[in-house]
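Listed here are the chains, written in short residue letters.
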Amino acid sequence: MSDQLSHAEHQHPSVATYVTVAAVLTVITLVEVGVFYIPTFHPVLAPVLLTLSATKFALVVMFYMHLKSDSRIFTMMFSVPLLIALAVGIALLFLFGVFTLGGGGA
Amino acid sequence: MTAVAQHTSTGLDNRKLGFWMFIGSECLLFGSLISTYLVYHGRSVSGPTPDEILNIPLTSVSTFVLLMSSLAMVLALAAVTRGDRLWTRVWLLATAGLGLTFLGMQAYEFTTFVHEGLTIKTNLFGSTFFVLTGTHGAHVAVGVLWLLTQFVRSLQGKLGPEKAINVEITGLYWHFVDVVWIVIFTVVYLLR
C-alpha cells in the first residue's frame with residue numbers, strides 16, 4: 001500500500017523533538033533581531049545573520065520536512081535545485097556588479 | 001476505500017517524490033525572485049527606501065507566527081499518524097489560523113506601505129519587494145486553503161492514519177513556505 005510504503009520510508013521524530021526544534025527556532029529568531037539592533041554586531045551583521053538563517057533553514061528542512069531521516073533521493077531532489085538557484089543568484093550578483101572579484105560591493 | 005498496494009522502482013511513494021520535485025522547482029522560482037530583489041537593492045532613485053519604511057518589530061512577530069505554524073503542522077501530522085482525530089483537527093485548524101494571522105499582518109504591512117507612498121510602481125525597491133513578498137503571501141494563502149480542505153476531510157471522517165501521507169505532503173508545502181520566509185526575513189528585512 002502506498003500509504004504504508006510512505007511510513008516504511010522513515011521514522012518521524014517524536015513530539016518532544018518537534019517542540020525542541022520550535023524552541024531553538026524561536027531563540028535563533030530572537031538572536032537575529034537582537035543582533036540587528038545591537039550596533040556592536042554591525043561590522044559582522046551579514047555573516048552572523050546568514051549563518052543564523054541557514055541554521056533555521058536546515059533545522060526546518062531536516063526535522064519538520066524529515067529529510068534527516070527520509071530517503072536520500074528526496075534530499076537530492078531538494079538540494080540540487082536549491083544549489084542551482086544559489087549558484088544562479090550568486091552569478092547574477094556578480095553580473096550586475098553587486099559583488100566584485102576585488103572584494104568590494106557596488 | 002482501502003488503498004491498493006503500489007510497487008515503485010524507487011521504493012518511495014510517487015506522490016511524495018512528485019511533490020519534492022515540485023518543491024525543487026519552487027526553489028528556482030523563489031531563488032530568481034530573491035536574486036532580483038538583491039540585484040536591484042539600493043538602486044532606487046527615489047524613496048521610500050527599506051531603511052525608511054520596513055517595520056522590523058512587526059515582521060519579527062509575523063516570522064514567529066509562521067514558525068509556530070510549522071510546529072502546529074508537525075503536531076497535526078503526529079496526531080493523524082497515531083489516529084487521534086480530535087488533535088488532528090485542532091492542530092490543522094491552528095496551523096491554518098496562524099497562517100491567516102501571518103497573512104493579516106502582511107496585509108497590514110502592505111496597506112501601511114501604500115499609505116506611506118510605497119507601491120509596486122513607486123521605485124525598484126517597491127517593485128521587487130511587493131513581487132517577492134506578494135508571491136510568498138500567495139503561497140501562504142494557497143497553503144491555508146489546503147489546510148482547511150484537510151480539516152474538512154477530517155470532519156467528514158476521511159482523514160485517518162491510512163491517509164497520513166496527505167497531511168505529510170500538505171506539511172511539506174507548508175514548511176517550504178516557512179523556509180522561504182526564513183530567507184526573506186533575513187535578506188529583505190534584516191540585511192540592509
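If you're wondering where the values come from, they're calculated on a predicted model, not measured in any experiment.

Caption draft 1: Molecular detail of the packing of helix α2 (residues 15-37) of chain A against helix α6 (residues 164-190) of chain B. Closest axis-to-axis distance for the α2 of chain A/α6 of chain B pair is 12 Å, and the angle between their directions is 10°. Here α2 of chain A lies roughly parallel to α6 of chain B, going by the angle between them. Facing α2 of chain A, whose interface residues are Thr29, Glu32, Val33 and Phe36 of chain A, α6 of chain B presents Phe185, Thr186, Tyr189 and Leu190 of chain B. Partitioned by chemical class, the residues of the contact of α2 of chain A with α6 of chain B number five nonpolar, two polar and one charged.

Caption draft 2: Local environment of the pattern of salt bridges. For the structure shown, the criterion picks out five salt bridges over all chains. A salt bridge links aspartate 13 of chain B to arginine 15 of chain B; the shortest N-O distance between them is 2.9 Å. Among the ionic contacts, a cluster of salt bridges with common partners joins Asp70 of chain A together with Lys16 and Glu168 of chain B.

Caption draft 3: Up close: the domain arrangement of chain A. Residue and element names in this part refer to chain A. The domain architecture assigned to chain A consists of domain 1 (12-69) and domain 2 (71-106). Just the C-alpha atoms count here: the centres of domain 1 and domain 2 sit 21 Å apart. With four residues of domain 1 at the interface, the matching set in domain 2 holds five residues. Both faces considered, domain 1 and domain 2 share a buried interface measuring about 340 Å² in area, 78% of it formed by carbon and sulfur atoms. Viewed at the interface, domain 2 and domain 1 are joined by zero salt bridges. Inspection of the domain 1/domain 2 interface yields zero residue pairs in polar contact (both at pLDDT 80 or more). Taken together, the residues of the side of domain 1 that touches domain 2 sort by class into three nonpolar, one polar and no charged.

Caption draft 4: Spotlight on the nonpolar core. Formed by 84 residues in total, the largest nonpolar core has its most connected members in Tyr64 and Phe78 of chain A together with Trp20, Phe129, Phe176 and Tyr189 of chain B. Every element with two or more residues in this core is listed here: α2, α3 (45-64) and α4 (72-95) of chain A together with α1 (14-39), α3 (56-81), α4 (85-115), α5 (124-155) and α6 of chain B. Here this core gets 19 residues from one element, more than from any other, and that element is α6 of chain B. Taken together, domain 1 (12-69) and domain 2 (71-106) of chain A each give at least three residues to this core, which thus spans both. Ignoring anything within four residues of it in the chain, the contact list for phenylalanine 78 of chain A reads Phe57, Val61 and Leu67 of chain A together with Trp20, Ile23, Cys27 and Phe176 of chain B.

Caption draft 5: Highlighting the environment of leucine 33 of chain B. Residues and elements named next belong to chain B. Inspection of the secondary structure assignment puts leucine 33 in helix α1. We classify leucine 33 as buried; its relative accessible area is 16%. When the C-alpha positions of leucine 33 and glycine 47 are compared, they lie 21 Å apart, and in sequence the two are 14 residues distant. Leaving out residues up to four positions away in the same chain, leucine 33 has contacts with Val131, Leu132 and Thr135.

Caption draft 6: Structural view of the environment of tyrosine 173 of chain B. Residues and elements named next belong to chain B. Its location among the elements puts tyrosine 173 in helix α6. For the pair tyrosine 173 and leucine 93, spaced 80 residues apart in sequence, the C-alpha to C-alpha distance is 16 Å. Among residues more than four places away in sequence, those in contact with tyrosine 173 are Phe19, Phe22, His139, Val142, Gly143 and Trp146.

Rules and cut-offs
- Along each chain, residues carry numbers from 1 onward, in the same order as the chain's sequence is written.
- The lettering of chains begins at A and the numbering of ligands begins at 1, in the order of writing.
- Note on the predicted model: pLDDT of at least 70 is required for a residue's local features to be given, and 80 or more for side-chain atom pairs to be given and counted; whole-chain, interface and lining totals, by contrast, use all residues.
- Heavy atoms throughout the structure, all of them, feed into the side-chain values; hydrogens and water do not.
- Where helices are involved, their axes are fitted lines through C-alpha atoms of the stretch in contact, as for all axes, and angles between N-to-C directions lie from 0 to 180°.
- Put simply, DSSP marks the helices as runs of H or I at least four residues long and the strands as runs of E at least two long, and each gets a number from the N terminus on.
- Our angle categories are set so that under 35 degrees counts as roughly parallel, over 145 as roughly antiparallel, 65 to 115 as roughly perpendicular, and the remainder as oblique.
- Between two residues, a contact is recorded if the distance between any of their heavy atoms is within 4.5 Å.
- Ten residue types, Ala, Val, Leu, Ile, Met, Phe, Trp, Tyr, Cys and Pro, are classed as nonpolar, four, Asp, Glu, Lys and Arg, as charged, and the remainder, Gly among them, as polar.
- Here, a salt bridge means any Lys or Arg side-chain nitrogen found within 4 Å of an Asp or Glu carboxyl oxygen.
- An automatic or database domain assignment supplies the start and end points of every domain.
- What counts as buried area is the accessible surface, traced by a 1.4 Å probe, that two parts surrender upon association, with contributions from both included.
- Two N or O atoms form a polar contact when they lie within 3.5 Å of each other; inside protein one atom must be a possible hydrogen donor and the other a possible acceptor, and for residues adjacent in sequence the pair counts only when both atoms belong to side chains.
- For this analysis, a nonpolar core means a set of buried residues of the types Ala, Val, Leu, Ile, Met, Phe, Trp, Tyr and Cys, connected via side-chain atoms within 4.5 Å.
- Throughout this description, buried means an accessible area under 20% of the type-specific maximum (1.4 Å probe, protein chains only), exposed means over 50%, and partly exposed covers the range between.

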